Amino acid sequence: MLFNSLQFLLFFIVVTLSYFSLKWQGRWILLLVASCYFYMVFQPSYILILFLTIVIDYIAGIWIERSSGRSRRWLLILSLISNLGILAFFKYLGFFTENIAGLFDFLDMPHIAETVTAGANRVFVKVLHIFGKSGISSYKDNMSILPIGLSFHTFQAMSYTIEVYRGNQKAERHFGIYALYVMFYPQLVAGPIERPQNVLWQFHKTFAYDAENVKAGLMQMAFGLFKKLVIADRLAMLVDYAYGNPSEQNGLTLLAATFFYTFQIYCDFSGYSDVAIGAARVMGFTLMENFRTPYIAQSISEFWRRWHISLSTWFRDYLYIPLGGNRKGEFRQYLNMLIVFLASGLWHGPNWTYVIWGGLNGVYQILAVLRDKLLSKLGFSRTQPSLVTSPVNDRESRKSPVRVVINTLITFVLIMLTWVFFRARSVGDAFMILGRIGTLSFSDVIHSPMNAVEMWFSLFLIVFLLIKEAFVFSIPTRNTVQFVLLFTVITFVTYLFGVFSSNQFIYFQF
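The structure contained in this document is the topic of the report that follows. (Residues numbered from 1 in each chain as written. Predicted model: local features only at pLDDT ≥ 70, side-chain atom pairs only at ≥ 80, totals over all residues. Heavy atoms only, no water.)

### Focus on the overall build of the protein
Point 1. Summing up its helical and strand segments, the protein has 19 helices and zero strands in all.
Point 2. The buried share of the protein, taken over its 510 residues, is 53%.
Point 3. Considering only contacts within the protein whose residues lie at least 6 apart along the sequence, 75% involve residues at least 24 apart. (Helix = DSSP H or I, 4+ residues; strand = E, 2+ residues; numbered from the N terminus. Buried < 20%, exposed > 50% of the residue type's maximum accessible area, 1.4 Å probe, protein only. Contact = heavy atoms within 4.5 Å.)

This is the structure we're talking about:
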């Protein structure tokens with residue numbers, strides 16, 4: 001069910017009003033049933049996959065808590081393998097099979113390549129028949145039938161068993177509450193990826209109606225839909241046009257489309273997070289912040305402390321630190337950073353474009369650390385302007401407005417260049433786009449499906465967004481009259497200028 005649809009509006013109203021009319025025993029049942037319906041609107045049969053992972057992790061959590069020694073570790077490993085196995089099968093089977101087959105072809109072993117491909121395809125098609133996907137004949141169609149939000153709820157389920165293993169979370173005995181932890185409809189499809197310590201206890205509480213929570217939640221939802229419908233979907237017109245056939249575009253058009261995509265993906269994804277967090281807050285639940293004005297970051301590392309916070313902290317806590325973090329020497333630190341960002345890229349999708357996108361961000365981080373250490377050895381101040389500012393410099397660089405602007409602009413440009421790989425359909429397209437941007441001529445003219453008014457209006461919206469997020473951190477809602485006025489204005493502007501084409505949120509594919 002899309003947040004930007006009338007169906008969701010009716011769903012939200014009915015579920016929320018019913019929620020406050022029930023006692024605790026009825027509330028969790030209502031939310032679980034509503035969440036199942038919310039997910040099944042997309043793909044009914046894949047609710048079985050969610051149910052399977054829920055049962056596995058629920059049992060695993062209890063057994064892990066009861067066990068000791070090596071048994072606990074093996075139970076955790078089995079739980080993680082089950083979750084990652086389902087994710088790998090549905091999301092990465094085609095990607096891995098094609099690359100393995102390509103390797104055997106390169107080694108001049110075509111028969112093995114054909115065997116690998118045919119075997120994987122037979123297994124994939126047979127499993128899909130179980131879920132009623134009899135029309136699928138090849139795993140090459142995998143992305144078209146991928147269970148929606150699979151990466152998100154898989155990572156959330158994994159965080160539960162890991163935290164139980166670490167002793168930071170007691171195993172949940174109430175099966176319905178644990179199922180709701182995984183299925184909670186606001187963040188089921190595209191996050192935030194929650195931790196059990198933050199959410200599970202909330203499902204055991206009975207939240208009374210709170211007018212302040214309702215106003216704040218509705219305002220956040222309204223502005224989230226504004227970002228999606230008015231800004232993101234408008235910018236998508238030029239982005240889809242240019243990236244849909246980049247070979248026919250000049251450098252200036254591709255540069256403009258890349259600039260627009262930088263804000264499209266932010267408004268699309270943060271808009272979803274705003275609606276999710278706001279919908280939960282209306283009912284009294286608190287979900288973690290997922291974005292914190294990322295495009296005013298003064299370094300790549302600061303950007304990743306502000307962008308998709310729930311995922312970046314997940315990789316930090318469950319991959320980077322367990323690998324050794326920065327505790328096992330410089331080489332291991334750099335290797336661990338690169339592994340984390342490559343894994344982050346692969347998490348986003350089975351395509352080398354995502355892997356390169358993640359790798360570039362990892363290289364940025366490594367270069368920042370190397371640069372700081374070199375400057376320190378040479379006796380230079382670590383606050384000198386440079387390509388990438390490390391976390392150590394962030395506080396100091398804010399003392400100089402000039403350095404703030406320079407570092408922010410450089411960081412923005414570096415991030416914008418990585419988005420080319422994220423958006424391009426193939427690695428070849430990405431390099432072609434970067435090549436044309438690098439050789440653009442001032443005589444180029446932007447070719448766009450948008451007219452001049454739409455283009456200038458889009459630029460105005462981007463400036464408005466930056467000003468709002470840089471100087472107004474929250475919209476006041478305590479005064480009821482002020483809230484009604486602002487909410488009405490935002491809703492009216494969204495209705496008047498929104499692009500209502502039922503565009504799916506970008507991160508639904510992950």
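### Points about the side chain of S299
Point 1. With respect to the helices and strands, S299 occurs in the loop between α10 (251-282) and α11 (300-306).
Point 2. Here S299 falls in the buried class, since its relative accessible area comes to 0%.
Point 3. Within the local environment of S299, its side chain forms a polar contact with the side chain of S301, the two groups lying 3.1 Å apart. (Polar contact = N/O pair within 3.5 Å; in protein donor to acceptor, adjacent residues only side chain to side chain.)

### A short note on the pattern of salt bridges
Point 1. Scanning the model with the defined rule gives 13 salt bridges in all.
Point 2. Close ionic contact of K215 with E212 constitutes a salt bridge, the shortest N to O distance being 3.3 Å. Placement of the pair is K215 and E212 together in helix α9 (residues 211-244), with a separation of three residues, close to one helical turn.
Point 3. On the accessibility criterion, K215 (8% relative accessible area) is buried.
Point 4. Taking the shortest distance from any N to any O, the salt bridge between R316 and D317 comes out at 2.8 Å. (Salt bridge = Lys/Arg side-chain N within 4 Å of Asp/Glu carboxyl O.)

### A look at the packing of helix α6 (residues 150-166) against helix α7 (residues 175-183)
Point 1. Contact pair α6 / α7: the axes reach a minimum separation of 9 Å and the direction vectors enclose 135°. With respect to their mutual orientation, α6 and α7 come out oblique. On the side of α6, the interface is formed by H153, Q156, A157, S159 and Y160, while α7 contributes Y178, Y181 and V182.
Point 2. Across the contact of α6 with α7, the residue classes tally to five nonpolar, three polar and no charged. (Axes fitted to C-alpha atoms, helices over the stretch in contact; angles between N-to-C directions. Parallel < 35°, antiparallel > 145°, perpendicular 65-115°, else oblique. Nonpolar A, V, L, I, M, F, W, Y, C, P; charged D, E, K, R; others polar.)

### Concerning the nonpolar core
Point 1. Counting residues in hydrophobic clusters, the biggest one holds 134 residues, and the most contacted among them are F8, Y295 and W419.
Point 2. No other element matches α10, which puts 17 residues into this core.
Point 3. Among residues more than four places away in sequence, those in contact with W419 are Y261, T262, I265, Y295, F303, W307 and W357. (Core = buried A, V, L, I, M, F, W, Y, C linked by side-chain atoms within 4.5 Å.)

### Re helix α19 (residues 480-497)
Point 1. Its 18 residues give α19 an end-to-end C-alpha distance of 25 Å, which sits within 8% of 26 Å, the value for a rise of 1.5 Å per residue.
Point 2. Among all positions in α19, only F483, I490 and T494 are buried. Across the axial projection of α19, the buried residues extend over an arc of 45°, all falling on one side. In α19, those exposed residues whose orientation departs by more than 90 degrees from the buried face are V481, L485, F492 and Y495.
Point 3. Its buried side turned inward, α19 meets α9.
Point 4. The N-cap of α19, judged by a side-chain oxygen 3.0 Å from the amide nitrogen of V481 a few residues on, is N479. (Expected span 1.5 Å × (residues − 1). Arc of directions from axis to C-beta.)

### Some points on the packing of helix α2 (residues 24-40) against α7
Point 1. Close contact between α2 and α7 brings their axes to 10 Å; oriented N to C, the two are set at 40°. Relative to α7, the element α2 lies oblique. You can see that α2 and α7 cross each other, and the crossing is left-handed. Contacts between α2 and α7 involve W24, W28, L31, L32, S35 and C36 from the first element and G176, I177, A179, L180 and M183 from the second.
Point 2. Partitioning the contact of α2 with α7 into residue classes produces nine nonpolar, two polar and no charged. (Left-handed = near helix turned anticlockwise from the far one by under 90°.)

### Brief notes about helix α17 (residues 427-438)
Point 1. Across its twelve residues, α17 extends 16 Å between first and last C-alpha, which sits within 8% of the 16 Å expected from 1.5 Å per residue.
Point 2. If you check which residues of α17 are buried, you get D429, A430, I433 and I437. Around the axis of α17, the buried residues are gathered within 100° of arc, so they sit on the same side.
Point 3. Turning to α17, the residues buried within the fold contact α9, α10 and α16 (401-423).

### A word on the packing of aromatic side chains
Point 1. Enumeration according to the criterion identifies 63 aromatic pairs in this entry.
Point 2. Taking the centre distance of 5.1 Å and the plane angle of 85° together, the rings of Y58 and F175 count as edge-to-face. Remark: F175 occurs in helix α7 and Y58 occurs in helix α3 (residues 47-66); sequence separation between them is 117 residues.
Point 3. Note on F175: relative accessible area 33%, which makes it partly exposed.
Point 4. Ring centres 5.7 Å apart and planes at 70° place the aromatic pair F155 and F315 in the edge-to-face group. Of this pair, F155 sits in helix α6 while F315 sits in helix α12 (residues 309-320); the two residues are 160 residues apart in sequence, bridging distant segments of the chain.
Point 5. Given a relative accessible area of 6%, F155 falls into the buried group.
Point 6. Given a relative accessible area of 5%, F315 falls into the buried group.
Point 7. The ring centre of Y19 lies 4.3 Å from the NZ or CZ of R27, which sits over that ring.
Point 8. Between the NZ or CZ atom of K468 and the centre of the ring of F223, over which it lies, the distance is 4.3 Å. (Phe/Tyr/Trp six-rings, centres within 6.5 Å; stacked < 30°, edge-to-face > 60°. Lys NZ or Arg CZ within 6 Å of the ring centre and 35° of its normal.)

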